[in-house]
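Summary of structural features
For reference, the chains in residue letters:
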Amino acid sequence: LFRSAETTTPETTTGAPIGSPGCGLTPASGDLQIAVQGQMGQYIVSLPPGYDPLTPYPLGFAFHGRGRTGPNCHDGDCAGFQTAMEADAVLVYMTSLGGDGWEGDGERELNVEFFTSVLDDLVAHACIDESRVFVAGTSSGAHFVNILGCRFGDRLLAIAPVAGYLPEKDNCVDRVAALVIHGFKD
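Summarised in this report is the structure supplied together with it.

Rules used throughout
- Residues numbered from 1 in each chain as written.
- Predicted model: local features only at pLDDT ≥ 70, side-chain atom pairs only at ≥ 80, totals over all residues.
- Heavy atoms only, no water.
- Disulfide = S-S within 2.5 Å.
- Buried < 20%, exposed > 50% of the residue type's maximum accessible area, 1.4 Å probe, protein only.
- Axes fitted to C-alpha atoms, helices over the stretch in contact; angles between N-to-C directions.
- Helix = DSSP H or I, 4+ residues; strand = E, 2+ residues; numbered from the N terminus.
- Parallel < 35°, antiparallel > 145°, perpendicular 65-115°, else oblique.
- Left-handed = near helix turned anticlockwise from the far one by under 90°.
- Contact = heavy atoms within 4.5 Å.
- Nonpolar A, V, L, I, M, F, W, Y, C, P; charged D, E, K, R; others polar.
- Pairing = 2+ DSSP bridges.
- Right-handed = clockwise from strand over helix to strand, strands pointing away.
- Expected span 1.5 Å × (residues − 1).
- Core = buried A, V, L, I, M, F, W, Y, C linked by side-chain atoms within 4.5 Å.

**A look at the state of the cysteines**
Per the stated rule, a full pass over the model turns up three disulfides. What pairs with Cys73 in a disulfide is Cys78, and their sulfur atoms sit 1.8 Å apart. Between Cys73 and Cys78, the S-S dihedral sits near -105 degrees, and the bridge is therefore left-handed. Across the pair, exposure class does not vary: Cys73 and Cys78 are buried alike. Disulfides within the protein chain link the bonded cysteines, taken in sequence order, as 1-4, 2-3, 5-6.

Given below as structure tokens:
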């Protein structure tokens, strides 16, 4: 996947990786926490086997549905995400803050800040290809993915909402590729 010609740079057009400031470092992985508005956000970072701190990797986030958790998503709720990309990308599974979903009242802004904090931390401490950051989610996580696609179109290459609606569509930043799935026959 590549950005449209309207939003490409020479690096993304040729497919050359854009290494993050964290290149040369080995990030923490496994079950992690980060402070967000006085709460501790829980998330899992999965590094590719044989992670090379000098190789810029794609970065993928998977978001769980309402009433589920990042570990549920990692362990199978987000079917195929881990198995399809575990050898090729740094993968992240966050557990929503402010409720049991991502986009509802009291959840949305807190979770956007949580996402921003984790994204910025990984870019600073892992070797990430900043031209290949993508997000996917199911149900409530899909709604949130659509929000992120609107707000972070300048930082995301692609989004993949599964069974989600579009809670925000005004004042979006840039454009992002999308694979939209609503059912198993799609």
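**Topic: the packing of helix H4 (residues 108-125) against helix H5 (residues 140-151)**
At their nearest, the axes of H4 and H5 sit 11 Å apart, and the two run at 65 degrees to each other. When the interaxial angle is binned, H4 and H5 end up roughly perpendicular. Remark: the crossing between H4 and H5 carries right-handed chirality. Only Phe144, Ile147, Leu148 and Arg151 of H5 make contact with H4, whose side of the interface consists of Arg108, Glu109, Asn111, Val112 and Phe115. Considered class by class, the residues forming the contact of H4 with H5 number five nonpolar, one polar and three charged.

**Observations concerning the pairing of strand E5 (residues 128-138)**
Within E5, eight of the 11 residues are buried, which leaves it mostly tucked inside the rest of the structure. The sheet contact formed by strand E3 (residues 57-63) and E5 spans six bridges and is parallel. The residue of E5 that forms the bridge with Phe63 is Gly137. Pairing between E5 and strand E6 (residues 158-162): five bridges, direction parallel. Across the sheet, residue Phe134 finds its bridge partner in E6, namely Ala158. Following the backbone out of E5, through H5 and into the adjacent parallel E6, one traces a crossover that is right-handed.

**A short note on H4**
Along an α-helix, residues three or four apart share an orientation, since each turn contains 3.6 residues. With 18 residues, H4 extends 26 Å between its outermost C-alpha atoms, agreeing within 8% with the 26 Å of an ideal straight helix rising 1.5 Å per residue. Turning to H4, its buried residues are Arg108, Leu110, Asn111, Val112, Phe114, Phe115, Val118, Leu119, Leu122 and Val123. Residues of H4 that are buried sit in contact with strand E1 (30-36), strand E2 (39-46), E3, strand E4 (90-94), E5 and H5.

**A short note on the nonpolar core**
If you look at soluble globular proteins, the nonpolar side chains tend to sit buried side by side. By size, the foremost hydrophobic cluster in this structure holds 35 residues, and its most contacted members are Phe61, Phe63, Met94 and Phe115. Element by element, the count of residues in this core is highest for H4, at eight residues. Membership of the second largest hydrophobic core comes to 13 residues, among which are Ala62, Cys73, Ala89 and Tyr93.

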